[in-house]
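Chains, contacts and geometry: an overview
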Amino acid sequence: MTKAFVRHEPLFRNWVKKLPDSLSAYPAEDKRYHLVVSLACPWAHRCLMTRSLKGLEDCISVSIVHPVFARTKPTSSTDLHAGWQFETPGNPPVANSAGFGSIDCDDVLTGKPDPVISGAIYVRDIYERHMERDDHERFTEEQLATLKYSVPILWCKKTQKIVSNESSEIIRMLNDEFNDFSKCPQVDLFPPHLLNQIESVNSWVFTDINNGVYKCGFGKDQHSYDEAIETLFSSLDRAENILSKSKFLCGDTMTAADIRLFATLIRFDEVYVVYFKTNCKMIRSDYPNLLRFCSDIYHIPEIKKTVNMKHIKQHYYTSHPTLNYYAIIPKGPDFLKTLDEFKANRQSF
Ligand SMILES: N[C@@H](CCC(=O)N[C@@H](CS)C(=O)NCC(=O)O)C(=O)O
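The residue numbers shown here count from 1 along each chain, following its written sequence. Selection of residues for local features in this predicted model requires a pLDDT of at least 70, selection of side-chain atom pairs for listing and counting requires 80 or more, and totals for whole chains, interfaces and linings are taken over all residues. Here the side-chain values reflect all heavy atoms present in the structure, with hydrogen atoms and water set aside.

1. A short note on a negative patch on the surface
Patch membership needs two things, relative accessible area over 30% and no salt bridge, and members are linked within 9 Å if like-charged or within 5 Å if nonpolar (Val, Leu, Ile, Met, Phe, Trp, Tyr). All accessible-area figures derive from a Shrake-Rupley calculation using a 1.4 Å probe, and residue coverage is judged against the displayed protein chains alone. A carboxyl oxygen of Asp or Glu within 4 Å of a side-chain nitrogen of Lys or Arg is what we treat as a salt bridge. Only four residue types enter the charge count: Lys and Arg as positive, Asp and Glu as negative, with His and the chain ends excluded. Charged side chains are reduced to one point each, which is NZ for Lys, CZ for Arg, CG for Asp and CD for Glu. Negative charge collects at one region of the surface, where Asp221, Asp226, Glu227 and Glu230 lie side by side. Secondary structure is summarised from DSSP: a helix means a run of H or I of at least four residues, a strand means a run of E of at least two, and numbering begins at the N terminus for each. As for its placement among the helices and strands, Glu227 is situated in helix H7 (residues 222-245).

Written as structure tokens, this is what we have:
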């Protein structure tokens, strides 16, 4: 059996469609849909960035989970699953699933139980709620056995079901289908003339970089790591080269391809270099064009408000006891300060 990290296929792949195209169960409507996210998760972050850029905050509500994975059946002696939990601001700090660390319940959390999906204490509860309805019939035993209780989730308040748990499809829906309710319908992260180019960039950025860092971090043998790290850095070099010639990955316009790369790069120096052992080069010292790209995107106000480095570090460094048993969170290197300094230095010329 392979010891390489294998990402599980998401199981919920329904589409929200705008009226009048929509004969589907999920027509685009104001305030009908809800996102469940972690501010730490790069896949959820794509959705938050798209929601913010499109001005969909009033249309699509959000629940924010606590950054630390917890036992989701804490009274069971056989079910040791650990995953996302909801928490209430001001509650006592939370330890990791091995009992170490002390992570505060800060003000950005949206409450336990979740105020929108009533009774949900864990993200797992949302999946189980959905499964209790009729849908599990269409999943195979194997799919159910490997089901991940992942975020992001796009939830339908009307049917009380999961619409989608695939971020690449959620961002497409948020971009295309909600323009009637968007404060910025003119923002288009998938402009028609760039669609082929976006898809072609996404294919290697996803495999080698977005997922590539996870392959480095979660592979279970040297060979898997060695392969993943080679591919990761040759693709980062490739992105660096593209961004030495153009502002964004597909030219002068920021597209979904940039949002997807940014979600990994903003976590790179703070987390992946240490935690996933991706330490051949750092963005801040070795990749001037990736650094410039990160600074440009981070300083867009709609993006900046979606970046929560505290949750990012708290989540990764405490949630996998096999990687960091005592849940100690490293102090450096303050990548956001580097981005602010980069911007200030550029402006002073
Ligand atoms: N295909 C999913 C993947 C999402 C994903 O992997 N989310 C991680 C957090 S970064 C998760 O929720 N993992 C739950 C777990 O490992 O139990 C997407 O892109 O939406």
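So much for the structure itself; the text now carries on.
2. Some details on empty space enclosed by the protein
Using a grid of 1 Å spacing that covers the protein atoms alone, one calls a set of points a cavity when a 1.4 Å probe fits there but cannot get out, and a pocket when the set is open and has protein on both sides within 12 Å along at least five of seven lines; lining residues are those with an atom within 4 Å of a point. Grid points are joined across faces, edges and corners, and a volume is the space filled by probe spheres set on the points. Within the structure shown, the criterion is met by one cavity of 30 Å³ or more. Looking at the largest cavity, its volume works out to about 30 Å³. When contributions to the lining of the largest cavity are tallied by element, the ones reaching two or more residues are helix H1 (42-53) and helix H8 (256-275). When residue character is reported, Ala, Val, Leu, Ile, Met, Phe, Trp, Tyr, Cys and Pro are called nonpolar, Asp, Glu, Lys and Arg charged, and the others, Gly included, polar. Grouping the amino acids of the lining of the largest cavity by side-chain chemistry returns four nonpolar, two polar and two charged. Domain start and end points were adopted from an automatic or database domain assignment. Taken domain by domain, the lining of the largest cavity gets at least three of its residues from each of domain 1 (33-181) and domain 2 (193-347).

3. Examining the packing of aromatic side chains
Note on ring pairs: Phe, Tyr and Trp rings are taken, using the six-membered ring of Trp, and paired if centres are within 6.5 Å. Classes follow the plane angle, with under 30 degrees stacked, over 60 edge-to-face and the rest tilted. Evaluated as defined, the whole model comprises 25 aromatic pairs. With a centroid separation of 6.3 Å and an interplanar angle of 80°, the aromatic rings of Phe268 and Tyr272 are classed as edge-to-face. Highlighted residues: Phe268 and Tyr272, both in helix H8, separated by four residues, approximately one helical turn. Relative accessibility thresholds used throughout: buried, under 20% of the residue-type maximum; exposed, over 50%; partly exposed, between the two (1.4 Å probe, protein chains only). For Phe268, a relative accessible area of 0% translates into the label buried. Assessed through its relative accessible area of 0%, Tyr272 is described here as buried. By the criterion adopted, a ring carries a charge over it if an Arg CZ or a Lys NZ lies within 6 Å of its centre and within 35 degrees of its normal. Taking the ring centre of Tyr214 as reference, the NZ or CZ of Arg7 above it sits at 4.9 Å.

4. Observations concerning the site of the ligand
Every one of the 15 residues lining the ligand counts as a neighbour, but Arg7, Trp84, Val151, Glu166 and Ser167 are closest to it. Taking Arg7, its side chain carries an N or O atom lying 2.9 Å from an oxygen atom of the ligand. Any pair of N or O atoms that falls within 3.5 Å is considered a polar contact. Within protein, one atom must be able to donate a hydrogen and the other to accept it, and sequence-neighbouring residues count only if both atoms are side-chain atoms. Here a nitrogen atom of the ligand sits 2.8 Å away from a polar atom, N or O, in the side chain of Glu166. Burial of the ligand by the surrounding chains reaches 87%, relative to a free accessible area of 510 Å². Grid points define the cavity or pocket, and a molecule sits in it when more than half of its atoms lie within 2 Å of them. Judged by the proximity of its atoms to the pocket grid, the ligand belongs to the largest pocket. Definition of nearness: a residue and a molecule or strand are near each other if at least one heavy atom of the residue lies within 4 Å of the molecule or strand.

5. Things to note about the domain arrangement of the protein chain
On domain assignment, one finds that the protein chain holds domain 1 (33-181) and domain 2 (193-347). Just the C-alpha atoms count here: the centres of domain 1 and domain 2 sit 23 Å apart. Domain 1 puts 31 residues into the contact, and the matching count from domain 2 is 36 residues. In total, about 2,600 Å² of surface goes out of reach between domain 1 and domain 2, with carbon and sulfur atoms giving 64% of it. Along the contact surface separating domain 1 from domain 2 lie three salt bridges. It only takes one pair of heavy atoms within 4.5 Å for two residues to be counted as in contact. The buried area of a pairing is the accessible area, by a 1.4 Å probe, that goes missing from both parts when the two are put together, added over both.

6. Some thoughts on the state of the cysteines
Criterion for a disulfide: a pair of cysteine sulfur atoms within 2.5 Å. Tallied over the full model, the rule gives zero disulfides. As a non-bridged cysteine, Cys41 has Cys47 as the owner of its nearest cysteine sulfur, 8.2 Å distant.

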